[in-house]
Amino acid sequence: MNTSSNVDQQELANFNQYAHKWWDTDGEFGALHKINPLRLNFIKRHFAINNKKMLDIGCGGGILSESLALEGAEVTGIDLAEDVLNIAKLHALDSGVKLEYLISSAEDHANQRPEHYDSVTCMEMLEHVPDPQAIVQAAADATKPGGLVFFSTLNRSNKSLLLAVFTAEYLLNIVPKGTHQHDKFIKPSELSQMARQAGLVLIDSAGIDYNPVFKRCALSHDLSINYLMAFQKPQNEVIEP
Ligand code: SAH
């Protein structure tokens, strides 16, 4: 699969359609705002963000990207949904947060800046692409040896079908309808296998519990719905003379 085909145009259209609602904390992307502090905490458990070069793949309107920049990282956010990226740029101007946003596929960006970043994040994006393995590989390629890669996605379990799709999309309207296709969700074993194939080593995982009634969330050990994984790219082996 070439890089330009690893994109689902219908998915991008869905995101573009709601771009203007991205920073509305009670709107379609409210769930991303709710879980963002948890994602940030998970990253900070493993990685000292300040002054590091970070890439956010599928950055959307920049919820995570901006929060990483506010923690002192030099952030590049990439996405292929143009309207969404324009919202990200406008919001950064408004909030005065300095970061770089580029329209680019993960694969092209990794070719342009191989082993450039101390850490790469890719949140809630793998379940929207035709070939997640290629994105995982690109994330690994863009990371310096010794650097960390963070993913979050939705598990393909019965519980996630019921909760994430039915509850989130249809009852509470917290994400736009049609945003998620359950067969594209990814089991933790599959994500860790993709990462292994890309040369990454699993160092931690956590679930995100979302209580739709109280609209509260917390990190947990339950990976059955929404989960985070942290990986390390091994250091290059030093060949002794
Ligand atoms: N990572 C952000 C946004 C998640 S929504 C966050 O968690 O806050 C998923 C994002 O992935 C959308 O902005 C969508 O435009 C983007 N996306 C989907 N397919 C993509 C692809 N093939 N390449 C780059 N970005 C993509």
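Whatever comes next refers back to the structure up there.
Residues numbered from 1 in each chain as written. Predicted model: local features only at pLDDT ≥ 70, side-chain atom pairs only at ≥ 80, totals over all residues. Heavy atoms only, no water.

A. Focus on the site of the ligand. Taken together, the neighbourhood of the ligand is formed by 17 residues, with N6, R39, G58, D79 and M123 sitting nearest. At a separation of 3.1 Å, a nitrogen atom of the ligand approaches a polar backbone atom of N6. One of the side-chain nitrogen or oxygen atoms of D79 is found 2.7 Å away from an oxygen atom of the ligand. Burial of the ligand by the protein amounts to 98% of the accessible area it has alone, namely 570 Å². Elements with a minimum of two residues in the shell around the ligand: α1 (9-17) and α2 (30-46). (Near = heavy atom within 4 Å. Polar contact = N/O pair within 3.5 Å; in protein donor to acceptor, adjacent residues only side chain to side chain. Areas by Shrake-Rupley, 256 points an atom, 1.4 Å probe, with all protein chains shown as cover. Helix = DSSP H or I, 4+ residues; strand = E, 2+ residues; numbered from the N terminus.)

B. Region of interest: the pattern of salt bridges. For the structure shown, the criterion picks out 10 salt bridges. Its salt-bridge partner being E11, residue K184 comes within 3.4 Å of it at the nearest N-O pair. Pair noted here: K184 is in the loop between α7 (158-171) and α8 (188-197) and E11 is in helix α1, with a separation of 173 residues, a long-range link. Exposure remark for E11: the relative accessible area of 3% places this residue in the buried category. Across the pair K233 and E115 runs a salt bridge whose closest N-O atoms are separated by 2.9 Å. With K233 in the segment after β8 (226-232) and E115 in the loop between α5 (106-112) and β4 (117-123), the pair connects residues that are 118 residues apart, well separated along the chain. (Salt bridge = Lys/Arg side-chain N within 4 Å of Asp/Glu carboxyl O. Buried < 20%, exposed > 50% of the residue type's maximum accessible area, 1.4 Å probe, protein only.)

C. Geometry of the packing of α2 against helix α3 (residues 63-70). Running from N to C, α2 and α3 point in directions that differ by 45°, and their axes come no closer than 10 Å. Taken together, the axes of α2 and α3 lie oblique to each other. Relative to α3, the crossing made by α2 is right-handed. Side by side, α2 and α3 meet where L32, H33, N36, R39, L40 and I43 of the first sit next to I63, L64, S67 and L68 of the second. In the contact of α2 with α3, the residues fall into 6 nonpolar, 3 polar and 1 charged. (Axes fitted to C-alpha atoms, helices over the stretch in contact; angles between N-to-C directions. Parallel < 35°, antiparallel > 145°, perpendicular 65-115°, else oblique. Left-handed = near helix turned anticlockwise from the far one by under 90°. Contact = heavy atoms within 4.5 Å. Nonpolar A, V, L, I, M, F, W, Y, C, P; charged D, E, K, R; others polar.)

D. Expanded view of the sheet that holds strand β7 (residues 216-220). Taken in spatial order, the 8 strands line up as β3-β2-β1-β4-β5-β8-β6-β7 in an open sheet, and their pairing is mixed. In this open sheet, the two strands that pair with only one neighbour each are β3 (100-103) and β7. Going across the sheet, the axis of each strand differs from the next one's by a mean of 20°, ignoring polarity. Bridge analysis of strand β6 (residues 201-211) against β7 gives 5 bridges, and the strand direction is antiparallel. Paired with I208 across the two strands is L219, which belongs to β7. Of the strands in this sheet, β1 (53-57), β2 (74-79), β3 and β4 are in contact with α3, which crosses β2 at around 170°. Sitting on the sheet, helix α4 (residues 82-95) is in contact with β2 and β3, with an inclination near 165° to β3. (Pairing = 2+ DSSP bridges.)

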